[in-house]
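# Tertiary structure, described
Letter by letter, the chains look like this.
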Amino acid sequence: MTHNSRIAHPGLRQKIMSADAAAALIHHGDNVGMSGFTGAGHPKALPQALAHRIEKANQDGGHFRIGVWTGASTAPELDGALAKVGGIEMRLPYQSDPTCRDRINKGEMDYIDIHLSHVAQFVWFGFLGKLSVAVVEVAGILEDGRLIPSSSVGNNKTWLDQADKVILEVNSMQPLGLEGMHDIYYGTDLPPNRKPIPMTGPGDRIGTPYLHVDLDKVVAVVETSQPDRNTTFTPPDENSQRIAGHILDFLGHEVKKGRLPANLLPLQSGVGNIANAVLSGLNQGPFNNLTGYTEVLQDGMLEMLKSGKLSMASSTALSLSVEGMKEFLDNLDFYRQRIVLRPQEISNHPELVRRLGIISMNGMIEADIYGNVNSTHLMGTRIMNGIGGSGDFARNAYLSIFMTPSVAKDGRISCIVPMASHVDHTEHDVQVLVTEQGLADLRGLAPRQRATVVIERCAHPDYRPALRDYVARAESAARNGHGGMQTPHILDEALSWHSRFEREGRMLAQD
Ligand code: COA
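This one's a predicted model, so the numbers in the text were calculated from it and none came from an experiment.

### Details of the sheet that holds strand β23 (residues 416-417)
Taken in spatial order, the three strands line up as β17-β16-β23 in an open sheet, and their pairing is mixed. Lying at the two open borders of the sheet, with one neighbouring strand each, are β17 (373-374) and β23. Where strand β16 (residues 366-368) and β23 come together, two bridges link them in parallel fashion. The residue of β23 that forms the bridge with A367 is I416.

### Quick notes on the side chain of D228
Within the fold, D228 resides in the loop between β8 (218-224) and α8 (238-256). Taking the relative accessible area as the measure of exposure, D228 reaches 16% and is therefore buried. Within the structure, the side chain of D228 is placed 3.0 Å from the backbone nitrogen of G41, a separation counted as a polar contact. A distance of 2.5 Å separates polar atoms of two side chains, one belonging to D228 and the other to S151.

### Brief notes about the environment of I16
Along the chain, I16 falls in the loop between α1 (10-13) and α2 (19-23). According to the relative accessible area criterion, I16 is partly exposed, its value standing at 27%. Considered as a pair, I16 and E223 are 207 residues apart in the sequence and their alpha carbons are 7.3 Å apart.

### Looking at unusual backbone geometry
The amide bond that connects L92 to the next residue, P93, takes the cis arrangement and shows omega of 0°. Tracing the backbone through its elements, the reader meets P93 in the loop between β3 (88-92) and α5 (98-105). Here the amide bond leading from P191 into P192 is cis, since omega sits at 10°, within 30 degrees of zero. Structurally, the position occupied by P192 is in the loop between β7 (165-171) and β8.

### Thoughts on the confidence of the model for the chain
The share of residues in the chain with pLDDT of 70 or more is 99%, and the mean pLDDT across the chain is 96. Within the chain, no element has a lower average pLDDT than helix α9 (residues 273-284), which sits at 90, and none a higher one than β23, at 99.

### Remarks on the pattern of salt bridges
In this structure the tally under the stated criterion is 25 salt bridges. Across the pair E108 and R103 runs a salt bridge whose closest N-O atoms are separated by 3.0 Å. In this structure E108 comes out as partly exposed when scored by relative accessible area, which is 35%. Residue classification places R103 among the partly exposed positions, given a relative accessible area of 22%. As a salt-bridge pair, R382 and E502 come within 2.9 Å of each other at their nearest N and O atoms. With R382 in strand β19 (residues 382-383) and E502 in helix α18 (residues 496-504), this residue pair connects regions lying 120 residues apart in the sequence. Exposure remark for E502: the relative accessible area of 42% places this residue in the partly exposed category.

Here is what the cut-offs are and how they apply
- Residues numbered from 1 in each chain as written.
- Predicted model: local features only at pLDDT ≥ 70, side-chain atom pairs only at ≥ 80, totals over all residues.
- Heavy atoms only, no water.
- Pairing = 2+ DSSP bridges.
- Helix = DSSP H or I, 4+ residues; strand = E, 2+ residues; numbered from the N terminus.
- Buried < 20%, exposed > 50% of the residue type's maximum accessible area, 1.4 Å probe, protein only.
- Polar contact = N/O pair within 3.5 Å; in protein donor to acceptor, adjacent residues only side chain to side chain.
- pLDDT = per-residue confidence, 0-100.
- Salt bridge = Lys/Arg side-chain N within 4 Å of Asp/Glu carboxyl O.

As C-alpha cells, then:
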C-alpha cells in the first residue's frame, strides 16, 4: 500500500508537503497542541523539522519559542528535540523526557503540571489561552475527510476543534487495523449545559471511531513512516513481585469480605515497571474475567487480554514494548474486539471513575506517615515527570492504592518520611500504601492510627526506629502544648530528612 492511499480525501491530498514546509507555518509565540500519550501517536517528523527551524532562527539572533501542549509524555523526537534547542517556552501537562526535565529544573522552561482530565476542558474554558496550531498524527484519512486515529487519542479531539490551524501527520507505520478500535465522544459541553456521560460499563461505546476536523483549517498534511517510542519494561524484580503479592493478597481479602466482586472492579494501572509487575502478578493470580479502565495500556494488560484473564480494556493510549507491539499487530483483530481507545477527558473522567468504581494503582516517589503522597517532586523541588492521571483516578476511585519500594538510592533515601516534601495526593485521597515490606490499609483510620500502620507495615526496618521516635516526640510536644494532637509534627524537623539528604547524600545521620 502506498502512503498516498492512506489519504483518500482529494482536497487533503493537495495539501501534502514536507515536514520542513509545514514547520514554516508555525511561528514564535504559538501554542501548539500536539498528539501523543506515553510515547504513542505523537507526530514524528514535524517536531524535528520545527526544532531545526527554531535552532537556526535562534542562531541567527532571533527569539523563537513555542508553547507545547500534548496528551502526556511523548518521545525524544518531540519533547527531546524541541527542549534540546531551547524551543519550548511552556510545556503542559505531563512529560518524562530527560532533556525537558533538565531544562525545567534549571528554570529554562516553564512547566504546568495539570491533571490529565483537566486539560481539554481548561482549553475549552479558555483558561490556557489561544491554541494556534494542532499537530496530530493519524493512521489515515477517509474519502470524506474523517480521520482514523493513531495509537493514542489523548487530547486530539480538543486540539482539532480548538486550534486555528491544523497540521496532520499520516503515519504509514501505524496499522490500518486500528480503524474501529477508537471511541471518540462528541457529547461533552460547557457548564451549565453538561449532560451525564452515558457510560455504565468500561466497554461501552458512546461515540464514533473517527476524529472530525474542519477541512478548511487543515494547512498541511505530512507523510511519515516511523514507529512509536519503544517503551521498555524490565522483568519484575524481587521488590516489584513482593509489592504485587501484597496487592493480590489484599484484593483477595476484599473479595472474601464481600467488598469486591469475585472479578474485582475495573483496574487502572499507572506507568512504569512496578505497575507492569502488578499486572503480571494478576495474570498469574486467582481472579478471572477482569476488566481494565485505565489511561495507558502497557504490556502487562496486553498479556492479560491474551491469557483471557482480562475480558476487555479501555484506555487512551497503547504503550507497548517492541515485543508487545509485535504481539498486538500479529493479533489485531483479536485485540480490536477487546480494546477501546478514548479521549483522555473520558478515560480519566472523575464522573466515570466514580461511577465504574475503579481500582486505581499508581507509583509514587514518597509518602508520609499520615498518608500524603508525593508523585512528582524529588526532594520537594525537582520535577520527575508529573501528576499524570494519578489524581484523576485516586480522588474518585473505589480503591486508591499507591506503591513504591520502601527505599531509594541504595537505602540512602526512605520513601516513607515524616512529612512529604511535596503533596500531590492528600491523606484524603489515599486509601492504601504498599511497599515490598507490606501493605498499609488506611481506610477508616485517624491520622495517628495511620502513622503506626504506615511505619510498621511499609517503612524499611532501617528507618522504623527513627520514624517511631519522630512520632513519639511529636506527640509528646503536642501534649506539652507545642502543636496539636490531630496530626502531630515537629515543624522544625519535619523536612529535616530531606534537607540532610541534600547536604550529606543520606536521609539519616551516620552513627
Ligand atoms: N526521593 C528521591 N528520589 C527518589 C525517591 C525518593 N523518595 N524514590 C525514587 N527516587 C528516584 C529513583 O532512585 C530513580 O532515580 P534515577 O532515575 O536516578 O534512577 C527515580 O526517582 C525514579 O524512581 P523509580 O523507582 O525508578 O520510579 P518508577 O519508574 O517506579 O516511577 C514515579 C515512579 C512516581 C516517578 C512514576 O510512577 C510517576 O511518574 N508517577 C506519576 C504519574 C502517574 O502516577 N501516572 C499514572 C497515572 S495513570
